[in-house]
Amino acid sequence: MVLLVLVVPSVSAFEISGMYTEEGQKWLNEHWGEDITLGQLEQIAYSKEDLAKIEANVDSKLLEKVRSQPYFWGERYPPREVTPGSKIFDENNQLVEDPDGSILAGILSGNSKAPLSGIIADAAAVGFDGAYITHSGSGKVYGAAHVDSLSVESKLYGDGNWLQTAYKVKYDYDNPSPYVTLTASGIRTPVHDTLYQSQTVAQSTNPTHSASTWSFSYYYS
């Protein structure tokens, strides 16, 4: 007797990156701050090709659960003073005070036991590479062995206007220490006499966390 075993590999740890469509970016600017879900955000801002890739590679039940979560916008305008470096948020999505960097260092090394869980967001300084304005941001969930989804957006602003968004999303992944880091980055043709700045927005599901932080600005004369 021959036993035949059909093994169907599970789809997990799927990752995708891209840019919001121009139409989606315009809609989001016009409806900033409204109550929308992550699923609505995808339909509004993602390309049809990216949506097809997500639906082909992410379990439908997990995707339904992720898409039902509310979208976290971050802040509309930067604070008057921007403090560089990573921002740590705890399990209640409250900013963790870390003046000497010891908590961040402990989390990254796996030695810190408090706060128990949360999310870290970082925004690189906006720059200019000789042809384009560059922007990027990163995020990571800490204190969780497995994460249903993590999205990281790098939102580029010019003179306070939201111009474009680069994103990266990872679904259904194991998250050992050192924790998984996602980085989203983009470029844009500069316009003279414009002050550019970026905001990193990071959002996870199961565990559910959200965070945002601003970069230093760059003036293109």
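What you see is a predicted model; the values in this text were computed from it and never measured. (Residues numbered from 1 in each chain as written. Predicted model: local features only at pLDDT ≥ 70, side-chain atom pairs only at ≥ 80, totals over all residues. Heavy atoms only, no water.)

Asks: I'd like a description of the side chain of arginine 67, backed by residues and values.
Replies: Within the fold, arginine 67 resides in helix H4 (residues 60–67). The exposure class assigned to arginine 67 is buried, which follows from its relative accessible area of 18%. Looking at arginine 67, its side chain comes within polar contact range of the side chain of glutamate 55, at 3.3 Å. Once residues within four sequence positions are removed from consideration, arginine 67 is found in contact with Thr37, Leu38, Gly39, Glu42, Leu51, Ile54 and Glu55. (Helix = DSSP H or I, 4+ residues; strand = E, 2+ residues; numbered from the N terminus. Buried < 20%, exposed > 50% of the residue type's maximum accessible area, 1.4 Å probe, protein only. Polar contact = N/O pair within 3.5 Å; in protein donor to acceptor, adjacent residues only side chain to side chain. Contact = heavy atoms within 4.5 Å.)

Asks: I'd like a description of the layout of surface pockets, backed by residues and values.
Replies: Counted as a void, the largest pocket has a volume near 450 Å³. Thr83, Ser86, Lys87, Leu95 and Thr213 are the residues nearest the centre of the largest pocket, which is lined by 23 residues in total. Put simply, the parts of the chain that give the lining of the largest pocket at least two residues each are strand E2 (87–89) and strand E10 (209–214). (1 Å grid on protein atoms, 1.4 Å probe; cavity = no way out; pocket = protein on both sides within 12 Å on 5 of 7 lines; lining within 4 Å. Points joined across faces, edges and corners; volume = space filled by probe spheres on them.)

Asks: Tell me about the packing of aromatic side chains, and name the residues and values.
Replies: Overall, the coordinates contain eleven aromatic pairs when judged by the stated rule. Plain terms: the ring middles of tyrosine 20 and tyrosine 46 are 6.3 Å apart, the flat faces sit at 35° to each other, and that makes the pair tilted. Remark: tyrosine 46 occurs in the loop between helix H2 (38–45) and helix H3 (48–57) and tyrosine 20 occurs in the loop between strand E1 (14–19) and helix H1 (22–30); sequence separation between them is 26 residues. Across this residue pair, the class does not change: tyrosine 20 and tyrosine 46 are buried. With 5.4 Å between their ring centres and 50° between their planes, tryptophan 32 and tryptophan 73 make a pair best called tilted. With tryptophan 32 in the loop between H1 and H2 and tryptophan 73 in the loop between H4 and E2, this pair connects stretches of sequence that are 41 residues apart. Accessibility expressed as a relative area gives 26% for tryptophan 32, which makes it partly exposed. When the ring centre of tryptophan 162 is taken as origin, the NZ or CZ atom of lysine 155, which lies over that ring, is 4.4 Å away. Taking the ring centre of tyrosine 173 as reference, the NZ or CZ of lysine 170 above it sits at 5.8 Å. (Phe/Tyr/Trp six-rings, centres within 6.5 Å; stacked < 30°, edge-to-face > 60°. Lys NZ or Arg CZ within 6 Å of the ring centre and 35° of its normal.)

Coordinates in, geometry out; function isn't part of it.
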